[in-house]
Amino acid sequence: MFKVNQNYLRLPGSYLFSEIGKRVAAWQTEHPEKEIIRLGIGDVTRPLSPAVIRALHEAVDEMAHEDTFHGYSPDLGYEFLREAIVRRDFAPRGCKISPDEIFVSDGSKCDSANIQEIFSPECIVAVCDPVYPVYVDSNVMAGRSGALDTVSGRWERIIYLPCTEENGFVPEIPEETPDLIYLCSPNNPTGTAMTLEQLQAWVDYANRVSAVILFDAAYEAYISEPGIPHSIYECRGAKTCAIELRSFSKTAGFTGVRLGYTVVPKALISADGVSLHRLWARRHGTKFNGASYIQQRAGAAVLTEEGQQEVWDMIDYYMENARIIRKGLMEAGLTVYGGINAPYIWLKTPQGQGSWDYFDFLLKNLGIVVTPGAGFGPCGEGFVRLTAFGSLENTRKAIARFRA
Ligand code: PLP
């Protein structure tokens, strides 16, 4: 008689996006004549850049010939990509990461969900509130969460780091001591980013208490201000306490191509003397057979001079949307955060309305779909998330509706 992993049964349904879908579909059925603009989407809309398209075509052609065909990729990823990553993403920022500390994957959602596997089930996890839900759910599945308190919406064994208006959406060091600390900067959903000083304080703390920081830098390419670290390895001592997760999805429009990587420094050793690099290499080799040669060639194209220029143009396009949203909402008298170093705008609901009430109000009165902040955690209540990933035309149209 088989039994299931009971931890999965603890998880509430993936309520947020299905509920949004349901409400939008119901409204559309009742009002088929009304045009809806989606400012809630977390997916990109711009096509892949010419250098990437060229690399994809060339790689596909190589696969057509016996002498240039590629099968399984090396465990850690192709060297041409790992070396390009070091050259572009780390060396210019003074981060001494070596290519064999980089593990290429097919995206950072899997990495951010899987990384907890190499840690003891006893580990205490700390997450920001609001938070990218994958960090929490993957730890619930692994049995680290304890029970869900349905009133507070919090798991009993997870430490929550409130990110609020009062603390500028920057998590503060908790009273209880965690073992695993998930940080995401620039942040999804709040769109805010930590300064080098703020991140350094976390690195110092993690080293002091022998905790590991799992640093999600999926949105680093959107940083526009000085003083905001693009990598946690810009902080002193980070190589002994931090793993960094990176993605090509939002940087280069790879949500459909799939490519990411994780950095596990060799200097990162657990309290019981085990190299996390060795464990992650073992896990990667056992459970993952590599991103395809084609994906990795496309990734390498992103990291060329030409590819970087095209990526910056794409990011400029989205960040112009972010600027339009921020400015438009502020001029409409609303309070907004984020949207300067990230493609997300965190809008405070007027008159203390609940996230879902304001969601309904925007849908029914302006035909605009946003994401209710409460879906990212209790501290997201009273906010909604808007994204800059739509088209310029739709973004302008949506903001005109707000103003009107
Ligand atoms: N990390 C964060 C914070 C994200 O918001 C996302 C995607 O929305 C991801 C990771 C996932 O990226 P990928 O497409 O590489 O799986």
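Residues numbered from 1 in each chain as written. Predicted model: local features only at pLDDT ≥ 70, side-chain atom pairs only at ≥ 80, totals over all residues. Heavy atoms only, no water.

Asks: Just to check I follow, could you spell out the overall build of the chain for this structure?
Replies: Along its length, the chain carries 13 helices and 15 strands. Taking 22 Å as the expected radius of gyration for a compact globule of 404 residues, we find that the chain reaches 21 Å, a close match to that expectation. Overall size of the chain, expressed as C-alpha extent along the three principal axes, is 60 × 55 × 50 Å. Taking all 404 residues of the chain together, the buried fraction comes to 54%. Accessible surface for the chain amounts to roughly 17,800 Å². Of this, 53% is attributable to carbon and sulfur atoms. (Helix = DSSP H or I, 4+ residues; strand = E, 2+ residues; numbered from the N terminus. Rg over C-alpha atoms; globule rule 2.2 N^0.38 Å. Buried < 20%, exposed > 50% of the residue type's maximum accessible area, 1.4 Å probe, protein only. Areas by Shrake-Rupley, 256 points an atom, 1.4 Å probe, with all protein chains shown as cover.)

Asks: Hey, could you run me through the site of the ligand in this one?
Replies: Close to the ligand lie 14 residues, the nearest being Ser108, Asp216, Tyr219, Ser247 and Ser249. Taking Ser249, its side chain carries an N or O atom lying 2.5 Å from an oxygen atom of the ligand. Between Lys250 and the ligand, the recorded distance is 2.9 Å, taken from a side-chain N or O atom to an oxygen atom. Among the residues forming the shell around the ligand, the class breakdown is 5 nonpolar, 5 polar and 4 charged. (Near = heavy atom within 4 Å. Polar contact = N/O pair within 3.5 Å; in protein donor to acceptor, adjacent residues only side chain to side chain. Nonpolar A, V, L, I, M, F, W, Y, C, P; charged D, E, K, R; others polar.)

Asks: Even after reading the chapter, I still don't get the packing of helix α11 (residues 305-331) against helix α13 (residues 392-403), so can you show me in this structure?
Replies: Their axes nearest at 9 Å, the elements α11 and α13 cross at an angle of 5 degrees. With respect to α13, the axis of α11 lies roughly parallel. Residue-level contacts link Tyr317, Glu320, Asn321, Ile324, Ile325, Gly328, Leu329 and Glu331 of α11 to Leu392, Thr395, Arg396, Ile399, Phe402 and Arg403 of α13. For the contact of α11 with α13, the class distribution of residues is 7 nonpolar, 3 polar and 4 charged. (Axes fitted to C-alpha atoms, helices over the stretch in contact; angles between N-to-C directions. Parallel < 35°, antiparallel > 145°, perpendicular 65-115°, else oblique. Contact = heavy atoms within 4.5 Å.)

Asks: Mind showing me how you'd approach a nonpolar patch on the surface here?
Replies: Taken together, the side chains of Phe2, Val4, Tyr8 and Leu9 define a hydrophobic patch exposed on the protein surface, amounting to about 490 Å² of accessible area. Relative to the helices and strands, Leu9 is located in helix α1 (residues 6-10). (Patch = residues over 30% accessible without salt bridge, like charges linked within 9 Å, V, L, I, M, F, W, Y side chains within 5 Å. Salt bridge = Lys/Arg side-chain N within 4 Å of Asp/Glu carboxyl O.)

Asks: Can you help me understand the packing of aromatic side chains in this one?
Replies: Centre distance and the angle of the planes are the two values used to describe a pair of aromatic rings. Enumeration over the complete set of coordinates arrives at 22 aromatic pairs. Both rings, one in Tyr78 and one in Phe80, keep their centres 5.3 Å apart while their planes meet at 15 degrees; by these two values the pair is stacked. Residue Tyr78 is classed as buried on the basis of its relative accessible area, which comes to 10%. Judged by centre distance (5.8 Å) and plane angle (90 degrees), the rings of Trp202 and Tyr205 are edge-to-face. Separated by 3 residues within a single helix, Trp202 and Tyr205 lie in helix α7 (residues 196-209), roughly one turn from each other. Both residues of the pair, Trp202 and Tyr205, belong to the buried class. (Phe/Tyr/Trp six-rings, centres within 6.5 Å; stacked < 30°, edge-to-face > 60°.)

Asks: Sorry if this is basic, but what is going on with the domain arrangement of the chain here?
Replies: The parts lose accessible area when they come together, and the size of an interface is often stated as this lost area. Structurally, the chain comprises domain 1 (8-47 + 306-403) and domain 2 (53-304). On the side of domain 2, 47 residues touch domain 1, which itself brings 34 residues to the contact. Summed over both sides, the interface between domain 1 and domain 2 buries roughly 3,200 Å², with carbon and sulfur atoms accounting for 61% of that surface. Of all residues in domain 1, the largest losses of buried area upon contact with domain 2 belong to Arg10, Asn341 and Phe376, amounting jointly to 20% of the total for that side. (Domains from an automatic or database assignment. Buried area = accessible area lost by both parts, 1.4 Å probe.)

Asks: Explanation requested: helix α3 (residues 50-63) in the structure shown.
Replies: Residues lying three or four places apart along an α-helix face the same way, a consequence of the helix completing one turn every 3.6 residues. The first and last C-alpha atoms of α3 sit 20 Å apart over 14 residues, in line with the 20 Å expected at 1.5 Å per residue. Those residues of α3 that sit buried are Ala51, Val52, Ala55, Leu56 and Ala59. With its buried residues spanning 135 degrees around the axis, α3 presents them on a single face. Across α3 from its buried face, at more than 90 degrees, point the exposed residues Pro50 and His57. The elements touched by buried residues of α3 are α10 (293-302) and α11. (Expected span 1.5 Å × (residues − 1). Arc of directions from axis to C-beta.)

Asks: Just checking my understanding: could you explain the packing of α3 against α10 for this structure?
Replies: Pairs of packed helices are described in terms of their axes, by the angle between the two and the distance that separates them. The N-to-C vectors of α3 and α10 enclose an angle of 150 degrees; their axes lie 8 Å apart at closest approach. For the pair α3 and α10, the crossing hand works out as right-handed. Where α3 abuts α10, its residues Ala51, Val52, Ala55, Leu56, Ala59, Val60, Glu62 and Met63 lie against Tyr293, Ile294, Arg297, Ala298, Ala301 and Val302. Residues of the contact of α3 with α10, tallied by class, amount to 12 nonpolar, no polar and 2 charged. (Left-handed = near helix turned anticlockwise from the far one by under 90°.)

Asks: Just checking my understanding: could you explain the sheet that holds strand β14 (residues 371-372) for this structure?
Replies: Sheet strands associate in pairs through backbone hydrogen bonding, adopting either a parallel or an antiparallel arrangement. Reading across from one edge, β11-β12-β15-β14 is the order of the 4 strands in this open sheet, with antiparallel pairing throughout. Two strands close off the open sheet at either side, each with one partner strand: β11 (336-338) and β14. Here β11 runs beside strand β12 (residues 344-348); their pairing, made up of 3 bridges, is antiparallel. Along β12, the bridge assignment pairs Val336 with Leu347. (Pairing = 2+ DSSP bridges.)

Asks: Looking at this structure, I do not really get the sheet that holds strand β6 (residues 159-162). What am I missing?
Replies: Across the sheet, 7 strands lie side by side as β2-β10-β9-β8-β7-β3-β6; this open sheet has mixed pairing. Edge positions in the open sheet fall to β2 (102-105) and β6, since each of these has one partner strand only. Averaged over all neighbouring strand pairs, the angle between strand axes comes to 20 degrees, with direction disregarded. Here strand β8 (residues 212-216) runs beside strand β9 (residues 242-247); their pairing, made up of 4 bridges, is parallel. Bridge pairing links Ile213 to Ala242 in β9. This element, helix α9 (residues 276-287), spans β2, β8, β9 and β10 (260-263) of the sheet and lies at about 25 degrees to β2.

Asks: Would you take a moment to explain the pattern of salt bridges for this structure?
Replies: Opposite charge on two side chains permits them to pair, given that their charged atoms come into close proximity. A complete count under the given rule lists 18 salt bridges for this structure. With a closest N to O distance of 2.8 Å, Arg23 and Glu19 form a salt bridge. On the criterion of helical spacing, the pair formed by Arg23 and Glu19 is a turn pair, its members being 4 residues apart in helix α2 (residues 15-30). Taking relative accessible area as the criterion, Arg23 reaches 23% and is therefore assigned partly exposed. Glu244 serves as the salt-bridge partner of Arg246, at 2.7 Å between the closest nitrogen and oxygen.

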